[in-house]
Amino acid sequence: MDNNRIFIGQFLPQKLMIDYSLSQAANNFCYKIIELRVFKNCISIPPLNVKDHLDFYSEGHSIRYYTCRIFPHTGILKYLNLFCENISLYFIVKRKKGDNVWFYNVYKGNVLLFYLLHLFSKKKLYVLLADYNPERASGFFQKLIIVALKKCRGIISLSSRCSELNSNFLSIPGILNENQIRQKPRPFNKTKKILLSGTLNENTGLFLAIDAFQHLPEYTLILSGNISNEVRNQIDPIVKKYSNIILMDFIEDYNEYLKLLNSVDFVLSLRNEQKSVNKYNFPSKILESLSFNIPVLSTIKYPELNDIKYFVADYSVEDLINAIHKLYNNDSYEQVLVASDNYEKLKTYYTSNAWIQAFDTIEKMNLL
């Protein structure tokens, strides 16, 4: 297939992530895609909250980080910067060799670039759909984004629940490094430590977890990740009352985070299925935990994990409490061990070979 593929994402060097409070999961995902080595050129349009002017290369000029900051980056002027940024990148991408251009999501920050390339170039446009929420954008932008997803040549989505968007569609819920998947089953040590990590807020089940563990004094809830000052101020008075609820700061050192991950019995994924934001996405923390053979307790049964062993509870305090108690019953011991060994299926469905084949498959559909 096209050896000159172009990838357009929203990522920064890892050392800049904390400075700009960007999504670590999204950044990690983009770099995993880049590491597949299927893209000749990778261009980053960092999110709008990056105020600084950036224009530099890395990895032997294969990755370019680009922002346009002609005007003071505040108020309505930042949208003028974004407009100029999209115009500039249109000419940059148009001059690049390679017909196939893959966008990491279509959103307000790159939708103009998408349509410029669609209307005024011969590039074939595809979308790697990692985060789809039709209610996030206003009515006008929502329509533009949905039309773009229908007009593109094909989609690889982290969620299989977006298949109605495009007839040329594949779903892979995440990407794993085969060498980093734990092969040996994990023993069930019954430390009674349970982890909720990532971005911590209402949508990711922070308050549900806190409410449940107030009634589970014999179990320890560890909270680790990015949390806004507003949310921290809300939960601090509650957390201080309960010694079994531990709120940690974001762990910058990934090796230190892995030590924490390996110290717990289970990882929580707490999303409210009734909220539209959760109808079309897939939490990356699930695959990350499963790759280390750490069993997951989720409040959504994901079709993307059809053959994978994990645990499911309803999104309620009562059901979460009951599910945790049940996990530690002697009758559940064998089930926990089975859910602590998904190696073969993870290797087959979610590693680099599956992704490389998916890119080729989607592009080949346009040659038939």
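Residue indices begin from 1 for each chain and proceed along its sequence in written order. Thresholds applied to this predicted model are a pLDDT of at least 70 for local features of residues and 80 or more for the giving and counting of side-chain atom pairs; totals over whole chains, interfaces and linings are not thresholded and use all residues. With hydrogens and water set aside, each side-chain value is computed from the structure's full complement of heavy atoms.

1. Comments concerning the overall build of the chain
Numbering of helices and strands runs from the N terminus; a helix is a DSSP stretch of H or I covering at least four residues, while a strand is a stretch of E covering at least two. The helix and strand tally for the chain stands at 13 helices and 14 strands. Throughout, radius of gyration means the C-alpha value; the globule benchmark is 2.2 Å times the number of residues raised to the power 0.38. Rg of the C-alpha trace for the chain: 21 Å, near the compact-globule value of 21 Å for 368 residues, within the 12% margin. Dimensions of the chain along its principal axes, counting C-alpha atoms only, are 65 × 45 × 40 Å. Between two residues, a contact is recorded if the distance between any of their heavy atoms is within 4.5 Å. The long-range share in the chain, meaning contacts at least 24 apart out of those at least 6 apart in sequence, stands at 70%. With the model as given, the accessible surface of the chain reaches about 17,700 Å², and the carbon-plus-sulfur share is 50%. The chain carries 43 positive and 35 negative side-chain charges, and their two centres are separated by 7 Å. Note that accessible areas follow from Shrake-Rupley with a 1.4 Å probe, and for residues the cover is restricted to the protein chains shown. The convention is simple: Lys and Arg are positive, Asp and Glu are negative, and His and the chain ends are not counted. Note on charges: their place is set at NZ of Lys, CZ of Arg, CG of Asp or CD of Glu.

2. Regarding the sheet that holds strand β6 (residues 124-129)
Here a strand pair is declared whenever DSSP counts at least two bridges between the two strands. The mixed open sheet is built from eight strands, whose spatial order is β3-β4-β2-β1-β5-β6-β7-β8. Here the strands that pair on one side only, and so sit at the sheet edges, are β3 (55-58) and β8 (169-171). The sheet shows a mean angle of 20° between the axes of neighbouring strands, direction not considered. Two strands pair when backbone bridges link them, and strand β1 (residues 6-9) and strand β2 (residues 41-44) are joined in this way by four bridges, in the parallel orientation. Note that in β2 the partner of I6 across the bridge is N41. Each of β1, β2, β4 (63-66) and β5 (100-104) is contacted by helix α3 (residues 77-95), which is oriented at about 155° to β4, the strand it contacts most. Between N-to-C directions, angles span 0 to 180 degrees; the directions come from axes that are lines fitted to C-alpha atoms, helices contributing only their stretch in contact.

3. Some remarks on the nonpolar core
Residues belong to one nonpolar core when they are buried, are Ala, Val, Leu, Ile, Met, Phe, Trp, Tyr or Cys, and are joined through side-chain atoms within 4.5 Å. Exposure categories follow from relative accessible area, calculated using a 1.4 Å probe and restricted to protein chains: below 20% of the type maximum is buried, above 50% is exposed, and the middle band is partly exposed. Counting 48 residues, the largest nonpolar core has F7, I33, W355 and F359 as the members making the most contacts within it. Of all elements in the fold, only α1 (17-20), α2 (24-34), β4, β5, β6, α9 (284-291), α12 (343-350) and α13 (352-364) reach the threshold of two or more residues within this core. Counting residues per element, this core draws most heavily on α2, at five residues. Excluding anything up to four places from it in sequence, I33 contacts F7, F39, L128, I175, W355 and F359.

4. Regarding α3
Between the first and last residue of a helix there are one fewer steps than residues, each counted as 1.5 Å, and that sum is the expected span. Its 19 residues place the ends of α3 28 Å apart at the C-alpha level, agreeing with the 27 Å of an ideal helix rising 1.5 Å per residue. Along α3, the residues classified as buried are N81, L82, E85, N86, L89, Y90, I92 and V93. Structurally, α3 contributes buried residues whose contacts are with β1, β2, β4, β5 and α4 (111-120).

These figures capture arrangement, not role.
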